[in-house]
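Next come the chains, spelled out residue by residue.
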Amino acid sequence: MENKYSSWHHPYKIATAYKKKVAYFSMEFGIDQAFNIYSGGLGFLAGSHMRSGFELKQNMIGIGMLWKYGYYDQARNDDQTLRTEFNEKTFDFLEDTGIEVEVQLHDNPHVKVRAYVLKPEIFGTVPMYFLSTDVEGNDHLSRTITNHLYDANEVTRVSQSIVLGIGGAKVVEALGGSDVYHLNEGHGLPAFYYLRDQGVKKNQLVFTTHTPEKAGNEERDARHLNRCGFFGRNLNEEELQKEMVNGGMVNYTVAALRMAKKANAVSKLHAKVAKDMWKDYPGTCPIIPITNAQNQSFWQDKVVKRTWERKQVKAYQKRKLELKQDLFNEVALQTGKTMDPKVLTFVWARRFAGYKRADLLLHDLQRFEKLISNAKYPVQIIWAGKPYPYDFYAIDIFNHLVNYSKQKPNLAVLTGYEIDLSRRLKDGSDVWLNTPRITREASGTSGMTAAMNGSVNVSINDGWIPEFQKNGKNCFVLPEVDYKIPHWDQDKMDADNLYDILENKVIPTYYDAPEKWQDIVFKAMDGVIPAFTSHRMADQYYKKLF
């Protein structure tokens, strides 16, 4: 039987405003807990975009990778510290499209890439195609390329980019081609080289840059990439020289900015930072801001939504207590601790990375101990998040928090930070802590879905927050420190400011002025919806980028 998804197909009538065919390439998509092949924010963002594309009836498809072992499963050693597990994933809701293409990797010109479709009716997304090299006829090494998201082996990482980029572009060709090719971050860069050689015009290529972090803007040796087959064919010396920056390197972001007609950053502040970062490289395209967002129908609790729309305070508060209890059942299951739904609960949960400073609260232990042992104003704190499996600095912070919180009844560190736990933490927290070093967080979308569910942001003024915040009215914002001063000094000042805000504003408001607290909760929802919902974002991508 011919699969109708072996050519470009949507099960709905395309909305007139979104007629252009768009292929959206991303290394990870966070769509549903049952489909755990993502690592963090980039995936959550892409997943929300695919859902809104479906809800708005856009003529878009997603191109991603079918990771055999996902990212990793977060488990515990016998002392509760972090253990990384790699377990094979199988998803019976994916269908083989029958599309198989070949890419050249190193000296092997015939690595097979197979495309599996995720149909729209499964999770409510646009049609999505997931690529795998775990295909009959491939040699063992080729079959392992799609094993691990963000593989630590450099050669495998490059191969993954080629499979996503060139393999993905060939799959789109097999589907009948696209009007616009969109790279969500630089991982799929080989697509642009391949498509350019196929005669696809510059005005059909667009790009999103997601991070000011050096590690997020890959840079690799140009000659090595050429040997790997990164450019879709072997570039001669003269062609290679054109691609080189910074002494013989190819910077994925710079290359994408040079080949695309237009690019976007993921918040207004990030657009300024990104323009400044890349201004010294000639030939780059304009960078416009399109602020990240999250899908409201997926992330916002239905009862919370109804009580907010009708401004029913009592019904909202009853629901919030239920949601807190649901989260605390998970805390009890994982840690054996009993938390109280009536107590003010802080959550710090996101990808564990050094610059995000999960342990900022512990900067001054005397002050912290005082904060968590105040009988008049009790608090509970929960941390969760996945470090990169080989980021030993971040894993060390995670384990430090585990060991510190073991003896404290009102502190907990949870494992298994994926979509389901993320939802529970947002639904069940009163305060959402966001403490990156300033200018380092391009957007930071978790605070948006937290606000949708009545969790009040306490945040550094970075990423999306400057566009949303009315300090003291819909969130609490730390005073800005100079990001150019040494990290040690920044961390000290930010920690002191954080303690001040919690001790003098956040905690007393919650306990002594509950009406005011409730007003902040609803005002945050007013401020986040619809401005930070992915319907607005998916619409802007079509109108401003595509």
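Bear in mind the structure is a predicted one, so any value in this text is a computation, not a measurement. (Residues numbered from 1 in each chain as written. Predicted model: local features only at pLDDT ≥ 70, side-chain atom pairs only at ≥ 80, totals over all residues. Heavy atoms only, no water.)

Caption draft 1: Representation of the overall build of the chain in the model. Tallying secondary structure elements over the chain gives 20 helices and 19 strands in all. Here the chain has a C-alpha radius of gyration of 23 Å; the compact-globule value for 546 residues is 24 Å, and the two agree. Projected onto its principal axes, the C-alpha positions of the chain cover 70 × 50 × 45 Å. Looking at the chain as a whole, 62% of its 546 residues qualify as buried. Of the accessible surface of the chain, which amounts to about 21000 Å², a share of 50% is contributed by carbon and sulfur atoms. When the 70 positive and 66 negative side-chain charges of the chain are each reduced to one mean point, those points stand 7 Å apart. (Helix = DSSP H or I, 4+ residues; strand = E, 2+ residues; numbered from the N terminus. Rg over C-alpha atoms; globule rule 2.2 N^0.38 Å. Buried < 20%, exposed > 50% of the residue type's maximum accessible area, 1.4 Å probe, protein only. Areas by Shrake-Rupley, 256 points an atom, 1.4 Å probe, with all protein chains shown as cover. Lys, Arg positive; Asp, Glu negative; His and termini not counted. Charge placed at Lys NZ, Arg CZ, Asp CG, Glu CD.)

Caption draft 2: A look at the sheet that holds strand β18 (residues 456-459). Reading across from one edge, β16-β15-β14-β17-β18-β19 is the order of the 6 strands in this open sheet, with parallel pairing throughout. A single partner strand is all that each edge strand has here, and the edge strands are β16 (411-414) and β19 (476-477). Sheet topology places strand β15 (residues 379-384) next to β16; 4 bridges connect them, and they run parallel. For I381, the partnering residue across the bridge sits in β16 and is L411. Packed onto the sheet, helix α18 (residues 487-512) meets β14 (344-349), β15, β17 (431-434), β18 and β19 and runs at close to 135 degrees relative to β14. (Pairing = 2+ DSSP bridges. Contact = heavy atoms within 4.5 Å. Axes fitted to C-alpha atoms, helices over the stretch in contact; angles between N-to-C directions.)

Caption draft 3: Local environment of the pattern of salt bridges. Counted by the stated rule, this structure contains 35 salt bridges. For R367, the salt bridge identified is with D500, shortest N-O distance 2.5 Å. One end of the pair, R367, is in helix α13 (residues 365-372); the other, D500, is in helix α18, with 133 residues separating them in the sequence. What emerges from the salt-bridge pattern is a single network uniting R367, K492, D496, D500 and E503. (Salt bridge = Lys/Arg side-chain N within 4 Å of Asp/Glu carboxyl O.)

Caption draft 4: The arrangement of helix α1 (residues 41-55) in detail. With 15 residues, α1 should reach 21 Å at 1.5 Å per residue; the first-to-last C-alpha distance of 21 Å fits that figure. α1 sits mainly inside the fold: 12 of its 15 residues count as buried. Those residues of α1 lying buried are L42, G43, F44, L45, A46, G47, S48, H49, M50, R51, S52 and G53. (Expected span 1.5 Å × (residues − 1).)

Caption draft 5: Region of the structure containing the pairing of strand β3 (residues 73-76). Along β3, one buried face is formed by D73 and A75 and the opposite face, lined by Q74 and R76, is buried too. Taken together, the 4 bridges between β3 and strand β4 (residues 82-85) define a ladder with antiparallel strand orientation. Across the sheet, residue D73 finds its bridge partner in β4, namely E85. Joining the antiparallel neighbours β3 and β4 is a turn of 5 residues, in which Q80 adopts a positive phi near 80 degrees.

Caption draft 6: How the structure looks around the sheet that holds strand β12 (residues 262-265). Strand order across the open sheet formed by 9 strands is β5-β6-β7-β2-β1-β8-β9-β12-β13, with mixed pairing between neighbours. The open sheet is flanked by β5 (95-105) and β13 (287-289), the only strands paired with a single partner. The mean angle between the axes of side-by-side strands here comes to 25 degrees, regardless of whether they run parallel or antiparallel. Running over the sheet, helix α4 (residues 154-175) touches β1 (22-25), β2 (60-65), β5, β6 (108-118), β7 (128-132) and β8 (180-184) and is turned about 125 degrees from β5. Lying over the sheet, helix α8 (residues 252-259) contacts β9 (205-208), β12 and β13, oriented at roughly 145 degrees with respect to β9.

Caption draft 7: Representation of the pairing of β1 within the structure. Where burial is concerned, the two faces of β1 agree: the one with V22 and Y24 and the one with A23 and F25 are both buried. Bridge count between β1 and β8: 4 bridges; the pairing is parallel. Paired with A23 across the bridge in β8 is Y181. Of the pairings in the sheet, the one linking β1 to β2 comprises 4 bridges and is parallel in character. Across the sheet, the residue bridging to V22 is M60, located in β2. Taken together, β1, α1 and β2 constitute a β-α-β crossover, and its handedness is right-handed. (Right-handed = clockwise from strand over helix to strand, strands pointing away.)

Caption draft 8: Summary view of the packing of α18 against helix α19 (residues 514-528). The interhelical angle for the contact between α18 and α19, taken along N-to-C directions, is 115 degrees, at an axis separation of 5 Å. In terms of orientation, α18 lies roughly perpendicular with respect to α19. Contacts from V506, T509, Y510, Y511 and D512 of α18 reach α19 at P514, K516, W517 and I520. Residue composition of the contact of α18 with α19, by class: 6 nonpolar, 1 polar and 2 charged. (Parallel < 35°, antiparallel > 145°, perpendicular 65-115°, else oblique. Nonpolar A, V, L, I, M, F, W, Y, C, P; charged D, E, K, R; others polar.)

Caption draft 9: Here's a closer look at the nonpolar core. Counting 165 residues, the largest nonpolar core has F35, F130, F346, L361, F368, W383 and V458 as the members making the most contacts within it. For this core, the element with the highest residue contribution is α4, accounting for 9 residues. With residues near it in sequence (within four places) discarded, F346 still touches V379, Q380, I381, I382, V431, L433, L502, V506 and I507. Core analysis: the next-biggest nonpolar cluster, separate from the first, contains 15 residues, M339, A412, L421 and A450 among them. (Core = buried A, V, L, I, M, F, W, Y, C linked by side-chain atoms within 4.5 Å.)

Caption draft 10: Spotlight on the side chain of S429. The residue S429 is located in the loop between α15 (419-428) and β17 in this model. Within the structure, S429 has its side chain in polar contact with the side chain of S455 (distance 2.7 Å). Here S429 is in contact with K320, L327, T345, V347, G454 and S455, once residues within four sequence places are set aside. (Polar contact = N/O pair within 3.5 Å; in protein donor to acceptor, adjacent residues only side chain to side chain.)

Caption draft 11: Spotlight on the packing of helix α12 (residues 313-335) against α19. Where α12 meets α19, the axes come as close as 12 Å, and the angle between the chain directions of the two elements is 90 degrees. Classified by the angle their axes make, α12 and α19 are roughly perpendicular. On α19, the residues touching V313, Y316 and Q317 of α12 are Q518, V521, F522 and M525. Each residue belonging to the contact of α12 with α19 can be placed in one class, and the counts come to 5 nonpolar, 2 polar and no charged.

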